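Architecture and fold: a report
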Amino acid sequence: MATYPVAPLFALLVLGHGAATAQKTAEPPVDPQVPKRLAELKGYVKNRKMTDDFQAIGLMQALTKSPEQQNSKDKKKVAKGLGDVFKLGKVREGGKDLLYREAADALSKYEDDGAKELSRYVEHKRFKDNLSLRAHMLRALGRTEDDKQIDYLIEVTSRSPHDELRAAAGEALGNYKDAKIKDRREIVKMIIRAWGSQHSAATQPVSNDPNAPVDFGPQNARRILRACEGKWVGTLQKLTGVSHSKFMDWQRWQNKNKRWEN
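Presented here is an overview of the structure given in this document.

Digging into the overall build of the protein
Each helix and strand counted, the protein has 12 helices and zero strands in total. Helices and strands appear in the protein in the N-to-C order α-α-α-α-α-α-α-α-α-α-α-α. By the burial criterion, 42% of the 262 residues in the protein qualify as buried. Summarising the internal contacts of the protein: among those between residues at least 6 apart in sequence, 67% fall at separations of at least 24. Of the accessible surface of the protein, which amounts to about 15400 Å², a share of 53% is contributed by carbon and sulfur atoms.

Okay, here's the thing in structure tokens:
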């Protein structure tokens, strides 16, 4: 049987392992075209006549086609450039906001870099009254799966004065099925708590006293539930693997399964 010197063999193994590790962790090279293309995007967005929006959208789609093949420095540059879309040029209102929706979808591919930009603009004064766009941005924020956004999304789900935003944030939280178990438990607990608050208000008896002030609480709660219940249920099911659809069933399950695993 052939024998080999131990030291040289060990050295070869170490070198082989090192080469494999280097190959595994090697990043794609920096793309020198990225700054040029981002400058081009900025020019499209700043066009005051807003006639270059489709060119901007096409450029964003091309820039973000394969984020996994981009250098980490390029990813940060692209995310920042996409974020700038929300602050440059005239505000695209109503049906003209496709530019922003495409930018939000593109940012959703960039994990925490994308989340950083989205979280900066979802509450921005430029878009305060465009609830549909803000809901779209919240759903994109969830798709980044950045765990630093969980508390914010829970806050919107629980307390936003806008039903559409509550529903969108609740739906966004459904993307965190791979988050740490403590984070998933917190999401589930807080959605059930928010649901319970609205369920309690919606089922309050209504006074028959014609002279009593009108209590809009139950009516408002039922409106919130109509907008949010389906999204909340979807997220609870995704995170727990449990298939309940009624609040009382979820409350009962939560009370019996404080330390649930999935």
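Focus: the pattern of salt bridges
By the definition in use, this model includes 16 salt bridges. Residues Arg252 and Asp249 are paired through a salt bridge, measuring 3.0 Å at the closest nitrogen-oxygen approach. Here the residue Arg252 and the residue Asp249 both occupy positions in helix α12 (residues 247-256), the gap between them amounting to three residues, near one helical turn. Of the residues examined, Arg252 reaches a relative accessible area of 42% and is grouped as partly exposed. With relative accessibility at 28%, the residue Asp249 sits in the partly exposed group. Salt bridges linked by common partners bring Lys80, Asp84 and Lys87 together as one network.

Remarks on the packing of aromatic side chains
This structure, assessed with the given rule, holds seven aromatic pairs. Judged by centre distance (5.7 Å) and plane angle (55°), the ring pair of Trp195 and Phe247 falls under tilted. Here the residue Trp195 occupies a position in helix α10 (residues 181-202), and Phe247 occupies one in helix α12, the gap between them amounting to 52 residues. Phe247 sits in the buried class, given a relative accessible area of 6%.

Here we look at the environment of Ser108
Take Ser108: it is sitting in the loop between α5 (98-107) and α6 (111-121). Sequence separation of Ser108 and Arg143 is 35 residues, and the distance between their C-alpha atoms is 5.5 Å. The contact partners of Ser108, leaving out residues within four places of it in the chain, are Leu118, Ala140, Arg143 and Thr144. A polar side-chain atom of Ser108 sits 2.6 Å from the main-chain carbonyl oxygen of Asp105.

Some thoughts on the side chain of Asp52
Note on placement: Asp52 falls in the loop between α2 (34-46) and α3 (53-63). Here Asp52 occupies a buried position and makes no salt bridge, while the nearest side chain of opposite charge, Arg92, is found at 7.8 Å. Only 2.9 Å separates the side chain of Asp52 from the side chain of Asn47, close enough to count as a polar contact.

Some thoughts on α3
Among the residues of α3, those classed as buried are Asp53, Ala56, Ile57, Leu59, Met60 and Leu63. Angular distribution of buried residues about the axis of α3 spans 165°; they occupy a single face of the element.

A closer look at a negative patch on the surface
A surface patch of like charges, here negative, comprises Glu111, Asp112, Glu145, Asp147 and Asp178. Of note, Asp178 is situated in the loop between α9 (163-172) and α10.

Section: the packing of helix α8 (residues 150-159) against α10
The packing of two helices is summarised by the inter-axis angle and the distance between the axes. At a minimum axis separation of 10 Å, α8 and α10 run at an interaxial angle of 10°. Classified by the interaxial angle, the pair formed by α8 and α10 is roughly parallel. Residues Ile150, Ile154, Thr157 and Ser158 of α8 pack against Asp183, Glu186, Ile187, Met190, Ile191 and Ala194 of α10. For the contact of α8 with α10, a count of residues per class yields six nonpolar, two polar and two charged.

A look at α2
Its 13 residues give α2 an end-to-end C-alpha distance of 18 Å, which sits within 8% of 18 Å, the value for a rise of 1.5 Å per residue. Taken residue by residue, α2 has Val34, Leu38, Leu41, Tyr44 and Val45 as its buried positions. The arc that holds every buried residue of α2, seen down its axis, measures 115°, which confines them to one face. Summarising the contacts, the buried residues of α2 are in contact with α3, α4 (72-84) and α5.

Cut-offs used in this document
Residues numbered from 1 in each chain as written. Predicted model: local features only at pLDDT ≥ 70, side-chain atom pairs only at ≥ 80, totals over all residues. Heavy atoms only, no water. Helix = DSSP H or I, 4+ residues; strand = E, 2+ residues; numbered from the N terminus. Buried < 20%, exposed > 50% of the residue type's maximum accessible area, 1.4 Å probe, protein only. Contact = heavy atoms within 4.5 Å. Areas by Shrake-Rupley, 256 points an atom, 1.4 Å probe, with all protein chains shown as cover. Salt bridge = Lys/Arg side-chain N within 4 Å of Asp/Glu carboxyl O. Phe/Tyr/Trp six-rings, centres within 6.5 Å; stacked < 30°, edge-to-face > 60°. Polar contact = N/O pair within 3.5 Å; in protein donor to acceptor, adjacent residues only side chain to side chain. Lys, Arg positive; Asp, Glu negative; His and termini not counted. Arc of directions from axis to C-beta. Patch = residues over 30% accessible without salt bridge, like charges linked within 9 Å, V, L, I, M, F, W, Y side chains within 5 Å. Charge placed at Lys NZ, Arg CZ, Asp CG, Glu CD. Axes fitted to C-alpha atoms, helices over the stretch in contact; angles between N-to-C directions. Parallel < 35°, antiparallel > 145°, perpendicular 65-115°, else oblique. Nonpolar A, V, L, I, M, F, W, Y, C, P; charged D, E, K, R; others polar. Expected span 1.5 Å × (residues − 1).

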